[in-house]
Amino acid sequence: MPDLGYAAILTGFVIAAYTAVASFVAARGRVGELWLSARNGVYAAFGLTTVASAALLYGLLTHDFSIKYVAEYTSRSQSPVYNFAAWWAGLEGSLLFWAWLLSLFSVIVLVLSRRNNRELIPYVSAVTMALLAYFLGMMGFAMNPFETLPVAPADGMGLNPLLDNPGMIFHPPMLYMGYVGFTIPFAFAIAALISGRLGSDWIRASRRWTLFAWFALGLGNLLGAQWAYTVLGWGGYWGWDPVENASFMPWLVGTAFLHSVMIQERRGMLKVWNILLIIIAFSLCLFGTMVTRSGILSSVHSFSGGSAGPLFLALLAAVAAGSLGLLWLRLPALRSDSQLDSLVSRESSFLLNNLLLVGAAFAIFWGSVFPLLSEAVRGVKTTVGPPFFKEVTGPIFLALLLLMGICPLIGWRKASAENLARNFLLPLALGVATAVLLLALGMRPFFAALAFAVLAFAATSILLEFYRGVRARHRGRGENYAIAVPRLIWANKPRYGGYIVHVGVILIALGVVGSQMFATNVEATVKPGETIQIRNYVLTYQGLTSYTEGNNEIVAATLDVQRGGQSLGSIVTSKSFAAGREEPRTDVAIRSDPREDLYTILSGWSEDGTASFKVLVNPLVMWIWVGGAVLLLGTAIAFWPDARAEARLPVTERVPAKGMRPSHA
Amino acid sequence: MPRAILIGALMALFAVGGLLVAVTTAPQGATASGPPTVDDLTDELMCQCGCGMTLANCFESMECTVSGSMATEIQQQIDEGKNKGEISDYFVAQYGEAVLASPRKSGFGLAAWTIPFLTIAAGGGATAWLVWLWARRRSPRGHRAAVRAQDAGLLRRYEDQVDEDLKALE
């Protein structure tokens, strides 16, 4: 089976390289037969990466410890689900997962574009297949997931206990889907540059891919945050680790792109900027992949392998240089079609939004690479950790939230003073009232009151948008209000889906501000029967129990919880020790409600039953996860196909490209 | 009915406001003034075990003896009456600048703190200039109209219609 897998990788490499060249030549020379061959090459490359993936999965699930990768990441006692998840747990397996996703997405692009975008698709395939060839080449010649051991061990090492969590099943694949997903809009942008079709076709064709990649990356980050919060046991959900930052940066730039393409679609402006944004977003995806695998930045998430760093750096350099060079060559053809009608318009506010989003990404990038810069310039190692990122990005994100409230209130093209006054009155009044109320009631620091005021402003602004739309439908069409809300949303899914996403972001921000600014913690060592007090909670330690569960030795502490004199029941926090592993896994006890989380960690214990705990009260954390669910809903609505809009696509979109034979797919 | 929705939305916002007040005005564990606590410093110093985490995070999430002994050192320094800055200096002397979780706001470290904001400010200036330029050099109305008709999507037309309907109804 390892031989089959390796053969599939090598054959896949050859096929992908051929397909990349054939697609390009077919498109340039308008050779229909060659394009048909290249199309088949895309399907073949997908088939071969699927065979390689199936061979690795077979090894992972059947404990074929003659394969080094299988021996390193699975064990006989590990559940099959986690043996499956080992596919993306290590360097070589995750590269294969990357390649498989890329080949799958390439096929989906072909299938979905049978009737549209025929000028662009061959170039899109050329780009995705070239990237696929590079990944398969890396595996074929430098990081072989099917490398065998001279002697197969009796059992494998299994996953790190911290990875033995449902988060491992969903969080990494989501991030990979985001990273790989951004390949497709990037490929469309490059296709537009090569083909000279520099209008909005490539944006329309790749819009859902962008949304999908953006959403997958965002959800992947949220799932990672949830995992860290429930498993790592430090009471936080975001550690500003270089690898976390690496997945956050393309999301921020992708967010900027999703906004700025609206200006190009509506006004024919920002063509250069949009191509630049997608080049940056994809380059940051490669940067994130490189950071995780090169070990150039110190991170708890990384799994570095010898040649991975230089190979990814070479790819990143080639992608950046090639795409920027192409953009430079096309600059004269990328002039804006129209101009701004007014300084105060939604277009201007979107530009500001882009500036802040890209600025936030740059601030995080700068902080991530500053240690390297410091060492190069001064020869002194420095660290850029959470305090820096919180302090630098906090004001930028606050400004973004403010802008999120302002944008819907300003009309496209030109906003009159009368409109502005009318639209701003209520949100502004509520925002100011929130700040005054919170400060009068003693909230400190001032930044927290300001942040909540901005959130109130932004939330009111978005709710007003819904209110006006619903009222218009009620008055104009006599619709019942309960019916008018879903119909309003369904009638313009991108617009109202987007607003729902904004509501999700506001809820996430609410949780972040509450938990970052007002968390309380206490550490205590207590004997059975003694109590720990934090805010209005009283925790009474009942005692320790130890037991075996599967392959794990577990030590658990039980505490009774009271809040304001009322019993809330018992909580259990534990540490579990996997056989053959020194490091235990912490299972924290979290009692969550909309107001706050009571977060209890068992830190240690002694023979006499005395135990040490760290207890935190983290306000409003639940809203982060609720916000994530709302974001999911909003994205799904915005993503949903609009049959009427597609049926009315410009005619040029549905006509076969000149000189190219119609597709037989 | 719309008034009822508006009132309902406002009440919901006030309820959230009340929740915020209840949550955030509760007594805090930490004090702003007075001698520093171990917690004040464990977030600002990096564990030296190679985990790449702050002392606070490493201490809670890993079985690490290094973070424990560093926390004990912090307590000793506090007991000696040192302030936060002096304790940070003590650790820098022992482990080098990399022990600080963020660069100092002086010398070369100042670049880390200022460059992001200077870049955004420069970008803001460039954006403002571009917006002003674009607004000033408006293209001929006829050309714009033609371009719009050709390039604008269905979405824009729909939203414009919604805006017009709203205006007519209000």
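Along each chain, residues carry numbers from 1 onward, in the same order as the chain's sequence is written. Ligands are numbered from 1 and chains lettered from A, in the order in which they are written. For a predicted model such as this one, the threshold for reporting local features is a pLDDT of at least 70, and the threshold for listing and counting side-chain atom pairs is 80 or more; totals across whole chains, interfaces and linings nevertheless cover every residue.

> Which parts of the structure should I look at to understand the overall build of chain B?
Numbering of helices and strands runs from the N terminus; a helix is a DSSP stretch of H or I covering at least four residues, while a strand is a stretch of E covering at least two. Scanning chain B from terminus to terminus reveals eight helices and zero strands. Sorting the 170 residues of chain B into buried and exposed places 24% on the buried side. Note on contacts: each residue gets a C-beta atom placed from the backbone, and two residues are in contact if those atoms are within 7 Å. Relative to all contacts within chain B whose residues are 6 or more apart in sequence, the contacts with residues 24 or more apart total 39%. We call a residue exposed when 12 or fewer other C-beta atoms sit within 10 Å of its C-beta, buried when the count reaches 20 or more, and partly exposed for counts in between; the C-beta positions come from the backbone.

> When you look at the overall build of chain A in this model, what are you seeing that I'm missing?
The helix and strand tally for chain A stands at 20 helices and nine strands. Based on C-alpha atoms, the radius of gyration is set beside the globule rule, defined as 2.2 Å times the residue count to the power 0.38. Taken against the 2.2 N^0.38 rule, which gives 26 Å for 665 residues, the C-alpha radius of gyration of chain A at 27 Å falls within 12% of a compact globule. Across its three principal axes, chain A shows a C-alpha extent of roughly 85 × 80 × 60 Å. The buried share among the 665 residues of chain A stands at 55%.

> I'm lost on the domain arrangement of chain A in this one. Help?
Often the size quoted for an interface is simply the accessible area lost on bringing the parts together. Residue and element names in this part refer to chain A. Where each domain starts and ends follows an automatic or database-derived domain assignment. Segmentation of chain A into domains returns domain 1 (2-331 + 347-384), domain 2 (389-518 + 626-639) and domain 3 (520-622). Computed from C-alpha atoms alone, the centre-to-centre distance between domain 1 and domain 3 is 39 Å. Considered class by class, the residues forming the side of domain 1 that touches domain 3 number three nonpolar, four polar and one charged. Side-chain classes follow a simple rule in which Ala, Val, Leu, Ile, Met, Phe, Trp, Tyr, Cys and Pro form the nonpolar group, Asp, Glu, Lys and Arg form the charged group, and the remainder, Gly included, forms the polar group.

> Just to check I follow, could you spell out the nonpolar core for this structure?
Residue and element names in this part refer to chain A. Connectivity within a nonpolar core runs through C-beta atoms within 7 Å, and the core itself is a set of buried Ala, Val, Leu, Ile, Met, Phe, Trp, Tyr and Cys residues. By size, the foremost hydrophobic cluster in this structure holds 228 residues, and its most contacted members are Phe135, Ala191, Val253 and Leu455. Sorting elements by how many residues they give to this core places helix α9 (residues 201-232) first, with 19 residues. Setting aside residues up to four positions removed in sequence, Phe135 forms contacts with Leu95, Trp98, Ala99 and Leu102. Among the nonpolar cores identified, the runner-up in size contains 18 residues, and Tyr537, Leu539, Leu559 and Ile601 belong to it.

> Can you help me understand the packing of helix α5 (residues 91-112) of chain A against helix α7 (residues 166-181) of chain A in this one?
The relative placement of two packed helices is expressed as an angle between their axes plus a distance between the axes. Residues and elements named next belong to chain A. In this analysis, axes come from line fits to C-alpha atoms, helices being fitted only over the stretch in contact, and the angle between any two N-to-C directions falls in the range 0 to 180 degrees. Two elements in contact, α5 and α7, have axes whose closest approach is 10 Å; the angle formed by their N-to-C orientations is 55 degrees. Considering their axes alone, α5 and α7 lie oblique with respect to each other. Handedness of the crossing formed by α5 with α7: right-handed. Counting all contacts with α5, which are made through Phe97, Trp98, Leu101, Leu102 and Phe105, the residues of α7 involved are Tyr176, Met177, Val180 and Gly181. Looking at the contact of α5 with α7 residue by residue, the class counts come to eight nonpolar, one polar and no charged. Roughly parallel means an angle under 35 degrees; roughly antiparallel means over 145; roughly perpendicular covers 65 to 115; every other angle is labelled oblique. Here a crossing is called left-handed whenever its near helix is offset anticlockwise from the far helix by less than a right angle, and right-handed whenever the offset is clockwise.

> What's the story with the pairing of strand β8 (residues 596-605) of chain A in this structure? I'm lost.
The side chains of a regular strand alternate between the sheet's two faces. Residue and element names in this part refer to chain A. In terms of residue burial, β8 counts as a mostly covered element, since seven of its 10 residues are buried. Pairing geometry for strand β7 (residues 589-592) and β8, over four bridges, is antiparallel. Bridge pairing links Arg591 to Leu598 in β8. Strand pairing is defined by DSSP finding a minimum of two bridges between the two strands. Here β7 folds back onto β8, and the loop between the two strands holds three residues.

> Explain the sheet that holds strand β9 (residues 611-619) of chain A here, please?
Remark on secondary structure: sheet strands pair via backbone hydrogen bonds, oriented parallel or antiparallel. Residues and elements named next belong to chain A. An order of β1-β9-β8-β7 is seen for the four strands of this open sheet, with the pairing classed as antiparallel. Both edges of this open sheet fall to β1 (520-526) and β7, since each of them pairs with a single strand only. Between one strand axis and the next, the sheet turns by 15 degrees as a mean value, whatever way the strands run. The sheet contact formed by β8 and β9 spans nine bridges and is antiparallel. Across the sheet, the residue bridging to Gly604 is Ser612, located in β9.

> How do you make sense of the confidence of the model for chain B when you look at a structure like this?
Should the pLDDT be low somewhere, the predicted coordinates at that spot are not to be read in detail. Residue and element names in this part refer to chain B. Here chain B shows a mean pLDDT of 74. Residues at 70 or above account for 58%. Looking across chain B, the model is least confident in helix α7 (residues 141-151), with a mean pLDDT of 49, and most confident in helix α5 (residues 84-95), with 92. With pLDDT under 50 throughout, residues 24-32 is counted as low confidence; its partners more than four residues away or in other chains account for 15 contacts. As scored by the predictor, the complex reaches a pTM of 0.87 and an ipTM of 0.85. The pLDDT value expresses, per residue, how confident the predictor is, ranging between 0 and 100.

> Can you help me understand helix α12 (residues 308-330) of chain A in this one?
For an α-helix the count is 3.6 residues per turn, leaving residues at separations of three or four pointing the same way. All names here are of chain A. The end-to-end C-alpha separation of α12 is 33 Å, in line with the 33 Å expected for 23 residues at 1.5 Å each. Taken together, the buried positions of α12 are Ala308, Leu311, Phe312, Val319 and Ser323. In this fold, the buried residues of α12 make contact with α5, α6 (121-141), α8 (183-195) and α11 (271-294). For a helix, the expected span equals 1.5 Å multiplied by the residue count minus one.

> Got a minute to help me understand the sheet that holds strand β4 (residues 552-563) of chain A in this structure?
Residue and element names in this part refer to chain A. Ordered in space as β2-β3-β4-β5-β6, the five strands form an open sheet in which the pairing is antiparallel. One side of each edge strand has no neighbouring strand; the edge strands of this open sheet are β2 (531-534) and β6 (585-587). In this sheet, neighbouring strand axes are inclined to one another by 25 degrees on average, regardless of whether the strands run parallel or antiparallel. Where β4 and strand β5 (residues 566-578) come together, 12 bridges link them in antiparallel fashion.

> Got a minute to help me understand unusual backbone geometry in this structure?
A negative phi angle is the norm for most residues apart from glycine, just as the trans form is the norm for most peptide bonds. Residues and elements named next belong to chain A. Pro445 follows Arg444 through a cis peptide bond whose omega is 5 degrees. Mapped onto the elements of the fold, Pro445 is located in the loop between α15 (417-440) and α16 (446-477). A positive phi angle, near 50 degrees, is found at Arg30, a position not held by glycine. Checked against the element boundaries, Arg30 lands in the loop between α1 (2-29) and α2 (32-61). In this structure Arg30 comes out as partly exposed when scored by C-beta crowding, with 16 C-beta atoms within 10 Å. Unusually for a residue other than glycine, Arg535 sits at a positive phi of about 45 degrees. A count of 19 C-beta atoms within 10 Å places Arg535 in the partly exposed class.

> Any chance you could explain the pairing of β4(A) here in plain terms?
All names here are of chain A. Across 12 bridges, the pairing between strand β3 (residues 537-549) and β4 is antiparallel. In the strand pairing of β4, Ser546 is matched with Val555. Connecting β3 to the next strand, β4, in antiparallel fashion are two residues, including Gly550 with a positive phi near 65 degrees. Counting the residues that bridge the hairpin from β4 to β5 gives two residues, and of these Gly564 lies at a positive phi of roughly 55 degrees.

> Sorry, what's going on with the environment of Gln339(A) here?
Along the chain, Gln339(A) falls in the loop between α12 and α13 (346-378). Sequence separation between Gln339(A) and Gly565(A) is 226 residues, and the spatial gap between their C-alpha atoms is 65 Å.

> In this structure, what is going on with the packing of α13(A) against helix α6 (residues 109-136) of chain B? I would like to understand it.
Where α13(A) meets α6(B), the axes come as close as 9 Å, and the angle between the chain directions of the two elements is 155 degrees. Relative to α6(B), the element α13(A) lies roughly antiparallel. You can see that α13(A) and α6(B) cross each other, and the crossing is right-handed. Facing Ser348(A), Leu351(A), Leu352(A), Leu355(A), Gly359(A), Phe362(A), Ala363(A), Trp366(A), Gly367(A) and Phe370(A) of α13(A), the residues of α6(B) in contact are Ala112(B), Ile115(B), Pro116(B), Thr119(B), Ile120(B), Gly123(B), Gly124(B), Thr127(B) and Val131(B). Residue composition of the contact of α13(A) with α6(B), by class: 12 nonpolar, seven polar and no charged.

> Is there a simple way to think about the environment of Thr42(B) in this case?
Residues and elements named next belong to chain B. As for its position among the elements, Thr42 is in helix α2 (residues 38-42). Placed 37 residues apart in sequence, Thr42 and Asp79 show a C-alpha to C-alpha distance of 16 Å. Those residues in contact with Thr42 that lie beyond four places of it in its chain are Thr54, Leu55, Ala56, Phe59, Ala71 and Ile74.

> What is the right way to look at α13(A) in this model?
The end-to-end C-alpha distance of α13(A), which contains 33 residues, comes to 45 Å, matching closely the 48 Å that a straight helix rising 1.5 Å per residue would cover. In this analysis the local bend is the angle between axes fitted, respectively, to the seven residues ending at and the seven residues starting at the residue. If you look at α13(A), its biggest bend is around 45 degrees, right at Phe370(A), and the proline Pro371(A) turns up within four residues after that.

> For this particular structure, what's the right way to read the confidence of the model for chain A?
This prediction gives chain A a mean pLDDT of 89; 93% of its residues lie at or above 70. Contacts of residues 647-665 of chain A to residues separated by more than four positions or lying in other chains number 20 contacts, the stretch itself having pLDDT below 50.

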